[in-house]
Amino acid sequence: MTKFVIQGGTPLRGVVSASGAKNAILPMLAASVMASSPCVFHSAPHLSDVSTMVKILERMGAKVERGGLNGSTLYVDPTSLNSHVVDELLMRQVRSSIFLMGPLLGRMKKAQVSYPGGCDIGQRPIDLHIKGLKALGAHFVEEHGHILAERTKWQGADIHLDIPSVGATENIMMGACLADGVTIIRNAAKEPEIVDLQSFLNAMGAKIRGAGTDVIRIEGVKSLHGAEYTVMPDRIEVGTLMIAAVMTRGDVLIENAVVEHVQAAIAKLREVGALITVNGEGVRVRGVERPRPTDVKTLPYPGFPTDMQPQMMALLSIADGTSVITETIFDSRFKQAEELSRMGARIRNEGRTAIIKGVPKLSGALVEATDLRSGASLVIAGLAAEGQTVVGGIRNVDRGYEKFEVKLRSLGADVVRVASEQTG
Ligand code: EPZ
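Heads up: these notes are all about the structure in this document. (Residues numbered from 1 in each chain as written. Predicted model: local features only at pLDDT ≥ 70, side-chain atom pairs only at ≥ 80, totals over all residues. Heavy atoms only, no water.)

## Brief notes about the packing of aromatic side chains
The geometry of an aromatic ring pair is captured by the separation of the ring centres together with the interplanar angle, meaning the angle of the planes. Note the cut-off: Two rings from Phe, Tyr or Trp (for Trp, the six-membered ring) form a pair when their centres sit within 6.5 Å of each other. Planes less than 30 degrees apart are called stacked, planes more than 60 degrees apart edge-to-face, and all others tilted. To qualify as a helix, a DSSP run of H or I must reach at least 4 residues; to qualify as a strand, a run of E must reach at least 2; elements of each kind are numbered from the N terminus. Burial status follows relative accessibility: with a 1.4 Å probe on protein chains alone, a residue under 20% of its type maximum counts as buried, one over 50% as exposed, and anything between as partly exposed.
Under the counting rule described, the total for this entry stands at 3 aromatic pairs. Ring geometry for Phe41 against Phe200: centres 5.0 Å apart, planes inclined by 50°, an arrangement best described as tilted. Placement of the pair is Phe41 in strand 3 (residues 39-42) and Phe200 in helix 7 (residues 192-203), with a sequence separation of 159 residues. When its relative accessible area of 0% is taken as the criterion, Phe200 is described as buried. Relative to Tyr229, the ring of Phe200 lies with its centre 5.8 Å away and its plane at 65°, an arrangement referred to as edge-to-face. Residue Phe200 is located in helix 7, and its partner Tyr229 is located in strand 13 (residues 228-230); the two are separated by 29 residues in the primary sequence. Here Phe200 matches Tyr229 in class, with each residue buried. Taken together through their ring pairs, the aromatic side chains of Phe41, Phe200 and Tyr229 make up a single cluster.

## What about helix 6 (residues 166-176)?
Using the following cut-off: Polar contacts, as counted here, are pairs of nitrogen or oxygen atoms within 3.5 Å of one another; within protein the pair requires one atom able to donate a hydrogen and one able to accept it, and residues that are adjacent in sequence qualify only if both atoms are side-chain atoms.
Within helix 6, 10 of the 11 residues are buried, which leaves the element mostly enclosed by the surrounding structure. Listed as buried for helix 6 are Gly167, Ala168, Thr169, Glu170, Asn171, Ile172, Met173, Met174, Gly175 and Ala176. Structurally, the start of helix 6 carries an N-cap: the backbone nitrogen of Ala168 is 2.9 Å from a side-chain oxygen of Ser165.

## A few points about the sheet that holds strand 23 (residues 414-419)
Rules: In this description, strands pair whenever DSSP reports at least two bridges between them. A fitted line through C-alpha atoms represents every axis, and for helices the fit uses only the stretch in contact; the resulting angles, taken between N-to-C directions, go from 0 to 180 degrees. Two residues form a contact once any of their heavy atoms are found within 4.5 Å.
The sheet built from 4 strands is open, its strands ordered 21-22-1-23 with mixed pairing. Edge positions in the sheet fall to strand 21 (366-368) and strand 23, since each has one partner strand and no second. Taking the axes of each pair of neighbouring strands and ignoring which way they run, one obtains an average angle of 20° across the sheet. In the sheet, strand 1 (residues 2-7) pairs with strand 23 via 6 bridges, with the strands oriented antiparallel. Note that in strand 23 the partner of Lys3 across the bridge is Val418. Contacts from helix 12 (residues 372-384) reach strand 1, strand 21 and strand 22 (388-392), with the element oriented near 25° to strand 1.

## Considerations on the site of the ligand
What counts is decided by this rule: Distances are taken per atom, and a residue is near a molecule or strand as soon as one of its heavy atoms is within 4 Å of it. Throughout, the Shrake-Rupley method with a 1.4 Å probe supplies accessible areas, and for residues the shown protein chains are the sole cover considered.
In the neighbourhood of the ligand, 23 residues make up the surrounding shell, with Arg95, Asp127, Ser165, Asp307 and Ile329 lying closest. Side-chain polar atom of Asp307 to an oxygen atom of the ligand: 2.6 Å apart, as the coordinates give it. One of the backbone N or O atoms of Ile329 is found 2.5 Å from an oxygen atom in the ligand. If the ligand stood free it would expose 830 Å²; the protein chains cover 90% of that surface. Considering every element that reaches the shell around the ligand, the biggest residue donor is helix 5 (residues 127-136), with 3 residues.

## What to know about the pairing of strand 1
Sheet topology note: the strand 1/strand 22 ladder contains 4 bridges and is antiparallel. The residue of strand 22 that forms the bridge with Val5 is Val390.

## Examining the environment of Val418
Structurally, the position occupied by Val418 is in strand 23. Along the primary structure Val418 and Met1 are separated by 417 residues, whereas in three dimensions their C-alpha atoms are 8.6 Å apart.

## Section: the side chain of Glu402
Selection rule: Under the convention used here, Asp and Glu are negative, Lys and Arg are positive, and both His and the chain ends fall outside the count. Counted as salt bridges are all cases of a side-chain nitrogen of Lys or Arg within 4 Å of a carboxyl oxygen of Asp or Glu.
Here Glu402 lies in the loop between helix 13 (394-398) and helix 14 (404-410). Buried charge without a partner: Glu402 forms no salt bridge, and the closest opposite charge is Lys403, 4.1 Å away. There is a polar contact of 2.5 Å between the side chain of Glu402 and the side chain of Ser19. A polar atom in the side chain of Glu402 sits 2.6 Å from the backbone nitrogen of His46. The contacts of Glu402, once residues within four sequence positions are left out, are Ser19, Pro45, His46, Leu47, Glu237 and Lys407.

Listed below in C-alpha cells is the structure:
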C-alpha cells in the first residue's frame, strides 16, 4: 500500500495551480458515449477515478488516448462503442460509473449496470437517478445484483428531485439530451460541475439552459457530435490547498482558482482569522498563529461543501476553542475523526454532529486514509503536526488529487510518497 511520510511544521509558501475538476470530467466522460464523433478534453487530471472511467469506456468499445502537454489531454472516440454493459468490477471502484445510465439509455436504448462503489462515506442510493430516468421512459429490471434498464420511447418530462442530488441531476440531464421534447428538472443541484457539464453538452449540440439554478431545461435533439472542451479547475482541490495554507500558517497563491466556486470556503476561513485576498489571478491565503473556532454546516452548493468537511475538521482541531461541524449530506463522513484523534485531536461524534475541542498542536502519528477527502484531511493535518506523520491508504487520495505530494513539495512541504514493502 502506498503511503505519505510527512515531517510537519513547515509553513506552505508559494504559487500553485489546481488540476482539472474530478467531479466535472467524470460525468463528461460518461456523456461522450452519446457523441457521433470524437471528443477532446483538456486539463484532464491524472486521477485513478478518471483512469477507471476510461477503462470502463474502453471495455465498451470506445478508444481513448492521452496526449498534449504532460498528458493532460484525453482523446475519446466513442464511434466504436459496441456494448451497453458497464463492467461490474470496474463499476465497484468508482461511483460516477452510474452516470453512464442516462447516456447509454439515450444512445444505445439500454444500459446494464451494477450498484456503484465509491467512497466509504455512508449510504449512496440511486433511487433519484432511477426515478428520473423512468420518467423519461426507461424500464428497470434487477437481477443477480445487476440493473438492466431499457427504453422504447424516450420522451421529455417534468421531473422534481426530492433531494438536489448532483449525480441524479447530471444523469437525467444527459439522458434528456436525446429525448423527444422538453425535459424540466426541478430542485436540481446547482454545483459548478453541473454548469461545466451543461457547457460541454451544449458544445456537443445539446440545448440546455438553467444549470447552476434549481430549474434546468433540456430541449431534446436528434443527435450529438463530439466536442473539444477544457475542464474547470477543481474547486475542492483549491479549497483543500487553502485550508492547508491556513493550517501551516503559510502564504499560498492558488493562481487558477475560480473565486466564485470557493466563496463558502473563503467566508469560513476568514471566520477563523485567515487573511484571504482575491484578485484576477486567483486566491491568496495567509494563515494565522492559531485559528479561531467556528461552526460549519455542510449544505448543497452554494453552501459549505461536504467534500471539504474533513479538511475543515483537521483545521478546527487546532483552533483556539470549541467548534461544531454538522454534516447534512452524508450519514457517515466523520471517519477522519478517529485518525485525527491519534494525532491528539479532541473530537466527539454525535450522529451527524462532531464537537471539536481545539488543541494547541497535533503530534505526528501513523494514520490511515479511508476515503478521498478524509485522506486529504490527514495529509494536511500531518503538514501542521509536530514530528513525523505516516498516512497509509494513499490510493484513496490518488482518486481525487493529482500529484498531491508534488504540489505540496513545490510549496515547501516535507512529504515523500513511499510504496510499501509488501506487493499488492
Ligand atoms: C457527488 O456525489 C460527488 N461525486 C461527491 O463527491 C459529492 O460529495 C456529492 O456529489 C455531494 O456534493 C461526483 O460528482 C463524482 P449526491 P453524488 O447525489 O452525486 C442522496 C468526492 O469526494 N441521494 O448529490 O453521489 C445521497 O445519499 C465525492 O469528490 C439519494 O438519496 O452525491 C446523499 O445523501 C464524494 N438518492 C445526497 O443525496 C439518490 O438517488 C447527496 O448525494 C442520489 C443521492
